[in-house]
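Spelled out, the chains give:
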Amino acid sequence: AQSVSQHNHHVILSEAASLELGCNYSYGGTVNLFWYVQYPGQHLQLLLKYFSGDPLVKGIKGFEAEFIKSKFSFNLRKPSVQWSDTAEYFCAVNAIAAGNKLTFGGGTRVLVKP
Amino acid sequence: NAGVTQTPKFRILKIGQSMTLQCAQDMNHNYMYWYRQDPGMGLKLIYYSVGAGITDKGEVPNGYNVSRSTTEDFPLRLELAAPSQTSVYFCASSYGQSSGNTIYFGEGSWLTVV
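We now turn to the structure provided with this report.

How each quantity is defined
Residues numbered from 1 in each chain as written. Chains lettered and ligands numbered in written order. Predicted model: local features only at pLDDT ≥ 70, side-chain atom pairs only at ≥ 80, totals over all residues. Heavy atoms only, no water. Helix = DSSP H or I, 4+ residues; strand = E, 2+ residues; numbered from the N terminus. Disulfide = S-S within 2.5 Å. Pairing = 2+ DSSP bridges. Axes fitted to C-alpha atoms, helices over the stretch in contact; angles between N-to-C directions. Contact = heavy atoms within 4.5 Å. Buried area = accessible area lost by both parts, 1.4 Å probe. Salt bridge = Lys/Arg side-chain N within 4 Å of Asp/Glu carboxyl O. Polar contact = N/O pair within 3.5 Å; in protein donor to acceptor, adjacent residues only side chain to side chain. Buried < 20%, exposed > 50% of the residue type's maximum accessible area, 1.4 Å probe, protein only. 1 Å grid on protein atoms, 1.4 Å probe; cavity = no way out; pocket = protein on both sides within 12 Å on 5 of 7 lines; lining within 4 Å. Points joined across faces, edges and corners; volume = space filled by probe spheres on them.

By secondary structure assignment, the location of Tyr31 of chain B is in strand S4 (residues 31–38). Sequence separation of Tyr31 of chain B and Val50 of chain B is 19 residues, and the distance between their C-alpha atoms is 4.4 Å.

As structure tokens, then:
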């Protein structure tokens with residue numbers, strides 16, 4: 001079974017700082033990769049996803065993620081965060097052979113100080 | 001489109017009580033899912049369904065039951081509520097199994113068992 005690890009549980013940043021959230025997964029086969037965001041009191045929303053092709057994926061709100069297959073990683077980045085980026089971020093993996101079921105990481109809570 | 005709709009949004013149960021969390025989607029999605037979210041644990045899959053009349057266990061099915069009599073609805077039942085079932089529950093849906101099918105989430109149901 002696949003598993004997903006997010007290295008940081010909590011991140012505190014100031015506005016305009018750069019953000020990078022780590023995500024590693026364990027599964028040897030073909031995967032689809034996702035980053036979801038959950039703003040306070042809201043449901044999960046898709047930030048970006050990787051299925052195939054260019055390993056650098058651009059998502060909404062200035063976020064991007066890079067799939068490095070050799071490192072089983074899919075790190076999320078944003079060059080300059082805003083206060084409105086305060087949220088919890090979840091990395092998720094769908095192992096193709098296991099059907100369309102997502103396995104989530106534990107989440108990273110990001111607090112952006114104004 | 002309403003997307004994925006869950007009810008109730010908040011509920012407090014006493015130990016041993018039973019209840020049903022309702023979930024409906026209007027996107028004609030074949031796949032539906034129930035996840036629970038616990039702090040620091042990400043989301044864990046409880047049950048899923050690949051179509052009307054078909055349900056399967058996820059990672060943490062104990063203490064829960066589901067049914068899928070229609071494409072639109074996927075209720076989650078707790079028969080004998082336990083404090084360990086205090087959590088946030090998310091229903092989700094997707095079109096199908098092949099890659100490229102994004103999973104859409106409902107707004108969540110906060111359940112407390114006391």
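This next bit is on the state of the cysteines. Residue and element names in this part refer to chain A. As enumerated under the stated definition, the model contains two disulfides over all chains in all. Disulfide partner of Cys23: Cys91, at an S-S distance of 1.9 Å. Handedness here is read from the sign of the S-S torsion; for Cys23 and Cys91, about -65°, the answer is left-handed. One end of the pair, Cys23, is in strand S4 (residues 23–26); the other, Cys91, is in strand S10 (residues 87–95), and 68 residues separate them in sequence.

Looking now at the sheet that holds strand S1 (residues 4–7) of chain B. All names here are of chain B. Taken together, four strands build an open sheet; the order of strands is S1-S3-S8-S7 and the sheet is antiparallel. Across the chains shown, the open sheet's two edge strands, defined by having one partner strand only, are S1 and strand S7 (64–66). Going from strand to strand, the sheet's axes swing by 20° on average, the running direction of each strand aside. Note that strand S3 (residues 19–25) and strand S8 (residues 76–78) share three bridges and pair antiparallel. Looking at the pairing, Leu21 lines up with Leu76 of S8.

Contacts between the two partners involve 23 residues from chain B and, on the opposite side, 19 residues from chain A. Taking both sides of the interface into account, the surface hidden between chain B and chain A amounts to around 1800 Å²; carbon and sulfur atoms contribute 57%. Linking chain B with chain A are zero salt bridges. Between chain B and chain A we count five residue pairs in polar contact (both at pLDDT 80 or more) in total. Those elements that provide at least two residues to the side of chain B that touches chain A are S4, strand S5 (42–51) and strand S9 (87–94) of chain B.

Attention shifts here to the side chain of Gln37 of chain B. With respect to the element layout, Gln37 of chain B can be found in strand S4. For Gln37 of chain B, a relative accessible area of 11% translates into the label buried. Setting aside residues no more than four positions away along its own chain, Gln37 of chain B makes contact with Gln38, Glu88 and Phe90 of chain A together with Gly42, Leu43, Ser87, Val88 and Phe90 of chain B.

Moving on, we come to the layout of surface pockets. To find leftover empty space, a probe the size of one water molecule is rolled over the atoms. When its volume is computed, the largest pocket comes out at roughly 380 Å³. Lining the largest pocket are 23 residues, with Gln38, Pro40, Glu88 and Arg109 of chain A together with Gln37 of chain B positioned closest to its centre. For the lining of the largest pocket, the secondary structure elements donating two or more residues are S10 and strand S12 (108–113) of chain A together with S4 and S9 of chain B.

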